[in-house]
Amino acid sequence: MVTAVLSDADLRWRAWEAASQVVDPEIPVLTIADLGVLRDVQVRDGRVEVAITPTYSGCPAMNMIELEIELALERAGIARPTIRTVLSPPWTTDWMSEDGRNKLRAYGIAPPQASSSRRALFGEQQVACPQCGSGDTELLSEFGSTSCKALWRCKACREPFDYFKCH
Amino acid sequence: MAAANITVSETPLVLYTLRRADDALILGHRLSEWCGHAPMLEEDMALANMGLDLLGQARELYSYAAKVEGGRNDEDKFAYLRDVRQYRNLLLLEQPNGDFARTTVRQFFYAAFADLYWRAMMRSSDPTLSAIAAKSEKESAYHVRHSSEWLIRLGDGTEESHRRAQAAIDELWAFTGEMFSVDDSERGLIDAGIAIDPAPLRPQWLNTISSVVSEATLALPDNDWMQQGGRSGRHSEHLGHLLSELQSIQRSFPGATW
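Owing to the predicted nature of the structure, the values given are computational and were not obtained by experimental measurement.

## Section: the overall build of chain A
Working step 1: Helix and strand content of chain A: 4 helices and 7 strands.
Working step 2: Its helices and strands taken in sequence order, chain A reads α-α-β-β-α-β-α-β-β-β-β from the N to the C terminus.
Working step 3: Principal-axis analysis of the C-alpha atoms gives chain A an extent of 60 × 30 × 25 Å.
Working step 4: Taken over 167 residues, chain A has a buried fraction of 49%.

## Re unusual backbone geometry
Residues and elements named next belong to chain A.
Working step 1: Look at the link from Ser88 to Pro89: it is a cis peptide, with omega at -5 degrees.
Working step 2: Its location among the elements puts Pro89 in the loop between β3 (82-85) and α4 (98-107).
Working step 3: The backbone of Asp45 shows a phi angle near 50 degrees, a positive value even though the residue is not glycine.
Working step 4: Mapped onto the elements, Asp45 comes out in the loop between β1 (38-44) and β2 (47-52).
Working step 5: Not every positive phi belongs to a glycine, and Arg80 is a case in point at roughly 45 degrees.

## Examining the UniProt feature "domain: MIP18 family-like" (unreviewed entry) in chain A
Working step 1: In this structure's numbering, the residues bearing the UniProt feature "domain: MIP18 family-like" (unreviewed entry) are residues 17-74 of chain A.
Working step 2: Its end C-alpha atoms 12 Å apart, residues 17-74 of chain A is made of 36% helix and 22% strand.

## Focus: the domain arrangement of chain A
Residue and element names in this part refer to chain A.
Working step 1: On domain assignment, one finds that chain A holds domain 1 (2-91) and domain 2 (94-164).
Working step 2: Spacing between the C-alpha centres of domain 1 and domain 2 amounts to 27 Å.
Working step 3: With 16 residues of domain 1 in contact, the opposing surface of domain 2 contributes 14 residues.
Working step 4: For the pair domain 1 and domain 2, the two sides together bury roughly 1300 Å², of which 71% comes from carbon and sulfur.
Working step 5: Along the contact surface separating domain 1 from domain 2 lie 1 salt bridge.
Working step 6: Note that Lys103 is salt-bridged to Asp34, the shortest N-O span being 2.6 Å.
Working step 7: Our count for the domain 1 to domain 2 interface comes out at 2 residue pairs in polar contact (both at pLDDT 80 or more).
Working step 8: Tallied by class, residues from the side of domain 1 that touches domain 2 come to 10 nonpolar, 3 polar and 3 charged.

## Here's the deal with the sheet that holds β3(A)
All names here are of chain A.
Working step 1: Read from one edge of the open sheet, 3 strands run β1-β2-β3, paired in mixed fashion. At either margin of the open sheet sits one strand with a lone partner, and together these are β1 and β3. On average, each strand axis in the sheet is tilted by 20 degrees relative to the strand beside it, whichever way the strands run.
Working step 2: Summarising the sheet, β1 and β2 pair through 6 bridges and their orientation is antiparallel. Within β2, the residue paired with Val41 across the bridge is Val50.
Working step 3: Across the sheet, helix α1 (residues 8-19) touches β1 and β2, and the angle it forms with β1 is around 150 degrees.
Working step 4: Taken strand by strand, helix α3 (residues 61-75) contacts β2 and β3, and its axis lies near 150 degrees from that of β2.

Parameters at a glance
- Residues numbered from 1 in each chain as written.
- Chains lettered and ligands numbered in written order.
- Predicted model: local features only at pLDDT ≥ 70, side-chain atom pairs only at ≥ 80, totals over all residues.
- Heavy atoms only, no water.
- Helix = DSSP H or I, 4+ residues; strand = E, 2+ residues; numbered from the N terminus.
- Buried < 20%, exposed > 50% of the residue type's maximum accessible area, 1.4 Å probe, protein only.
- UniProt positions renumbered as here; feature names shortened; annotations may be inferred.
- Domains from an automatic or database assignment.
- Contact = heavy atoms within 4.5 Å.
- Buried area = accessible area lost by both parts, 1.4 Å probe.
- Salt bridge = Lys/Arg side-chain N within 4 Å of Asp/Glu carboxyl O.
- Polar contact = N/O pair within 3.5 Å; in protein donor to acceptor, adjacent residues only side chain to side chain.
- Nonpolar A, V, L, I, M, F, W, Y, C, P; charged D, E, K, R; others polar.
- Pairing = 2+ DSSP bridges.
- Axes fitted to C-alpha atoms, helices over the stretch in contact; angles between N-to-C directions.

As structure tokens, then:
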């Protein structure tokens, strides 16, 4: 078995590499590393332990992501990793990588705006259309096709689009 | 043969956690009943989304209750194998969906409370409860905004939507007092810094409620008589019907999985 001949540091690196390639089943252009869902990889007594955090409490993709991590590690020669879900600190869109934001936009989903005023009860938000770039857009629904998205429409190009909610 | 009820050793911390878990599960289930029936597609998705948030919160809380209890039960057993008298949720949350105005008012009353409650609970000395609270408060912020916007639209909308929204407020108001009540079992946990005392949150809650209700051109009832019982397992007849649907598979086919 591969794990026997690797140092803990190498094993950890290999496990991170493998786990960080896993994509979100609902937004397949983003890896769980881009999203900030992959929190940590540790090696304890030769066993790999992966920590992930949910975007939203009820995110139904978490079970799928766990399974995908197990499969990815298996393919990298790492058997039976432990996958732990951590809640603290709570996930925030601020953890999304710049690369991840660009990939989202190219995919047609407006990326979350950095530290916007989620608390402002009726706060105005400015979201640029991922299709044409116009700022002349409007919110259609706070809740979109998945827990993490809202539904918007561009008034310039008339296209509806998903917005990755700031969280 | 039908599956039997579990027994739960209700230490104060188990009971406290189950009460919050039951709140989330029962309201989440009520919202899921709208799936495919909401007035429009966007709203169908919104209600299901909020139901999903609540279901996620319930799962985390049930899992923690199971851990505190010592592992004899788990999240599924808590949800599927307790009967009406063993449920500890607020009466408000088991009330039927009624029309869209009633669902909106129920959601608004609870979300405005939960948002304050979770934010306060982030300071709990119990690290798991504080982590669950930090996760949940981000979600409740959206629920408050969503239900506030709808209440204003309904109240300040047509004559009919106004009438229905006011009727919903009048009908559900008597269930709001229970959110702020505390019994001896919780008092000890509050003194220990684990649980949150909801009573001091009421002025701020009332502030939010009043400003939205008045913007909606609606009014809060003068009557301050409040109905209680859910926290100690005395429920309205509606919970039994809800559970019969929620639990039917596990009751009829014990241990069924997919």
